[in-house]
Each structure stands twice: as C-alpha cells, then as structure tokens.
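Architecture at a glance
Okay, here's what each chain looks like letter by letter:
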Amino acid sequence: MTGHELLRKLRRLARQRDLSLLYEARPGKGGHSRIYFGRRFTTIPALTHEIGPGLLSKILRDLGLTRRDLP
C-alpha cells in the first residue's frame, strides 16, 4: 500500500466516524508528512513510497486503529 492509498482509506474512515483528518506536508528533504486523525497523529513517509507491513502496523497503532478498521 502506498501513502496515497492509505490517506484515501483514512479519509473515508474519518468521514464514516465523523472525525477530522488533516494531512500536513512537511517541507524538507525527507518528504515525510504528518496525519492528524481526530485527536491522534502520526508521521508517514512520502505519499508515493510503498508502506511495508511493519510500518503500516505502527501508523495504525499511533492512530488507534487496526487493519480491520480500514475500508
């Protein structure tokens, strides 16, 4: 799953749960961004990069979600 796909799924889930979702692009060489999901947040790599299973688990854990929560 790429960062774009994850962001799209999180937006859909935020709409379903009536939560705010904010994507904040961070300037700089690394290309990392920050996602705010309700009151929680996490950092993700550049949207075009592939997110491995371990990193995906960490991102979801930071946001208080599980893989089953993603639509």
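Residues numbered from 1 in each chain as written. Predicted model: local features only at pLDDT ≥ 70, side-chain atom pairs only at ≥ 80, totals over all residues. Heavy atoms only, no water.

What the rule picks out here adds up to one aromatic pair. Ring geometry for tyrosine 36 and phenylalanine 41: centres 5.7 Å apart, planes at 40°, overall tilted. (Phe/Tyr/Trp six-rings, centres within 6.5 Å; stacked < 30°, edge-to-face > 60°.)

This brings us to the nonpolar core. Counting 16 residues, the largest nonpolar core has Leu6, Leu10, Phe37, Ile44, Ile59, Leu63 and Leu65 as the members making the most contacts within it. Mapped by element, the contributors of at least two residues to this core are helix H1 (3-17), strand E2 (33-37) and helix H2 (53-62). Considering each element in turn, this core owes the most residues, five residues, to H1. In contact with isoleucine 44, other than residues within four places in its own chain, are Leu6, Tyr23, His32, Ser33, Ile35 and Ile59. (Core = buried A, V, L, I, M, F, W, Y, C linked by side-chain atoms within 4.5 Å. Buried < 20%, exposed > 50% of the residue type's maximum accessible area, 1.4 Å probe, protein only. Helix = DSSP H or I, 4+ residues; strand = E, 2+ residues; numbered from the N terminus. Contact = heavy atoms within 4.5 Å.)

The subject of this paragraph is the pattern of salt bridges. Under the criterion given, the structure shown has two salt bridges. Note that aspartate 69 is salt-bridged to arginine 17, the shortest N-O span being 3.2 Å. Note that aspartate 69 is positioned in the segment after H2 and arginine 17 in helix H1, a separation of 52 residues in sequence. Residue lysine 58 is joined to aspartate 62 by a salt bridge in which the shortest nitrogen-to-oxygen separation is 2.8 Å. With a gap of four residues between them, lysine 58 and aspartate 62 both fall in helix H2, about one helical turn apart. Under the relative-accessibility criterion, lysine 58 is labelled partly exposed at 37%. Under the relative-accessibility criterion, aspartate 62 is labelled partly exposed at 25%. (Salt bridge = Lys/Arg side-chain N within 4 Å of Asp/Glu carboxyl O.)

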